[in-house]
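# Topology and contacts: notes
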Amino acid sequence: MRPNNLEANQSDPENGVNAMKNTAPSAPLAPTPSGSGNYKLKLFQLTMNLVAHILIGAVVGISMIFSFQYGLPMNATLQHIVLCVIGYQLLTSQAILSLSPNNGWSGHLKLIHKRRAHWILQTVGSGLAIAGNFIKIIDKSVHWNTLHGIFGLVALIFTIVSLVNGVTSLWAFELRKYLPSNLSKISHILFGTIAFASSSLSLCYGFDKGMFRNWLSDALAHTLIAFTAIFTFIIIIDPCISFFSKSLRAIRR
Ligand code: HEM
């Protein structure tokens, strides 16, 4: 039996009528007289999603140009930037967005494939980010003496917890005897969101470092900090909404 069987029946695009709705290419954007409000909301969400992707591209691209400016081999700091930024801001952000109903590249995937894309991106992204964190931690002799490092540590802890908790969430149906399925899903959303938001906070403090501002200029470093804040906000809206709605449903039951 495949993971998360409970929810699969509610909105799984593989099932019955939903399957047809979800696979018709123009269905999500087709305006209907009764659903024009819905259509506008969808357009707004798609636009926000596009903005997030453009900002992610700018932030990740500029971080890579910065890190590869002296070529290879790289020192520990530059290696940690490449691994953390690709792990968190590129792959983890896509892992979160892959589950969003109006995400560009995953919007037309079946639910089972969205979930597969999510856990693969999440596992690879977390692996790279954890490695990037440890490379810099091993390189330093005094620890947690900057806000950048402290938010990096919070991100690291929640990434590890969220990875373990992601497995229980993926197999929530099978593990329901030992762990209430709602609990593992709700906590997975919470831990994952905290991990991603803290990694973005750490990145903003990273862009504020002299080594980065001297290379790019103060104005552009501040622009990248603003870009990071905006795409992080857009990305965590959906998980926050599902966290509150799932929690409310669980409390009311
Ligand atoms: C998501 C991105 C990032 C994460 C999660 C992250 C995380 C970390 C962690 C955990 C440490 C070790 C802290 C300690 O042991 O005290 C660290 C140190 C450091 N990082 Fe990053 N980092 C990121 C991006 C960056 C960027 C973009 C830069 C520079 C442009 C940068 C520059 C540094 C430097 C110079 C240190 C050593 C000084 C310090 O601890 O603040 N990092 N980072």
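Residues numbered from 1 in each chain as written. Predicted model: local features only at pLDDT ≥ 70, side-chain atom pairs only at ≥ 80, totals over all residues.

### Looking at the overall build of the protein
A tally of regular secondary structure across the protein gives nine helices and zero strands. Overall, the protein shows an N-to-C arrangement of helices and strands of α-α-α-α-α-α-α-α-α. Relative to its full complement of 253 residues, the protein shows a buried share of 33%. In the protein, once contacts between residues fewer than 6 apart in sequence are set aside, the share between residues at least 24 apart is 73%. (Helix = DSSP H or I, 4+ residues; strand = E, 2+ residues; numbered from the N terminus. Buried ≥ 20, exposed ≤ 12 C-beta atoms within 10 Å, placed from the backbone. Contact = placed C-beta atoms within 7 Å.)

### Considering unusual backbone geometry
In the segment running from Leu 72 into Pro 73, the intervening peptide bond is cis, with an omega of -5 degrees. Summarising the element assignment, Pro 73 is placed in the loop between α3 (36–67) and α4 (76–97). Positive phi is not limited to glycine here, since Trp 144 has a value of about 55 degrees. Structurally, the position occupied by Trp 144 is in the loop between α5 (111–139) and α6 (147–170). Residue classification places Trp 144 among the exposed positions, given that 12 C-beta atoms sit within 10 Å. Phi at Ser 217 takes a positive value of approximately 95 degrees, unusual for a residue other than glycine.

### Notes on the UniProt feature "transmembrane region" (unreviewed entry) in the protein
UniProt records the feature "transmembrane region" (unreviewed entry) at residues 50–72, 78–99, 119–138, 150–173, 185–207 and 219–244, using the numbering of this structure. What you have in residues 119–138 is 100% helix and 0% strand, and the ends, taken at the C-alpha atoms, are 28 Å apart. With 100% helix and 0% strand, the stretch residues 185–207 has end C-alpha atoms that lie 33 Å from each other. (UniProt positions renumbered as here; feature names shortened; annotations may be inferred.)

### Examining the site of the ligand
In the vicinity of the ligand there are 28 residues, among which Cys 84, Thr 146, Gly 149, Gly 152 and Gly 206 approach most closely. Mapped onto the shell around the ligand, the elements with two or more residues apiece are α4, α5, α6, α7 (181–207) and α8 (210–216). Per-element accounting of the shell around the ligand gives the leading share, six residues, to α4. Along the lines of polarity and charge, the residues of the shell around the ligand split into twelve nonpolar, 13 polar and three charged. (Near = placed C-beta within 6 Å. Nonpolar A, V, L, I, M, F, W, Y, C, P; charged D, E, K, R; others polar.)

### Overview of helix α9 (residues 218–252)
In this model α9 runs 50 Å from its N-terminal to its C-terminal C-alpha over 35 residues, within 8% of the 51 Å that 1.5 Å per residue would give. The principal kink in α9, of about 30 degrees, is found at Ile 237, preceding the proline Pro 239 by one to four residues. For α9, every residue scored as buried is listed here: Ala 221, Leu 224, Phe 227, Thr 228, Phe 231, Thr 232, Ile 234, Ile 235, Ile 236 and Asp 238. Contacts from the buried residues of α9 go to α3, α4, α7 and α8. (Expected span 1.5 Å × (residues − 1). Bend = angle between axes of the 7 residues up to and from the residue.)

### With respect to the environment of Ile 237
For Ile 237, the position within the fold is in helix α9. C-beta crowding within 10 Å serves as the criterion here: with 14 such atoms nearby, Ile 237 is assigned to the partly exposed category. Remark: the alpha-carbon pair of Ile 237 and Thr 193, spanning 44 residues in sequence, is separated by 9.6 Å.

### As for the nonpolar core
By size, the foremost hydrophobic cluster in this structure holds 39 residues, and its most contacted members are Val 85, Phe 196, Phe 231 and Ile 235. Elements supplying a minimum of two residues to this core: α3, α4, α5, α6, α7 and α9. A total of eleven residues in this core trace back to one element, the largest contributor, which is α4. Residue contacts for Phe 231: discarding those within four places in its chain leaves Ala 52, Leu 55 and Ile 56. (Core = buried A, V, L, I, M, F, W, Y, C linked by C-beta atoms within 7 Å.)

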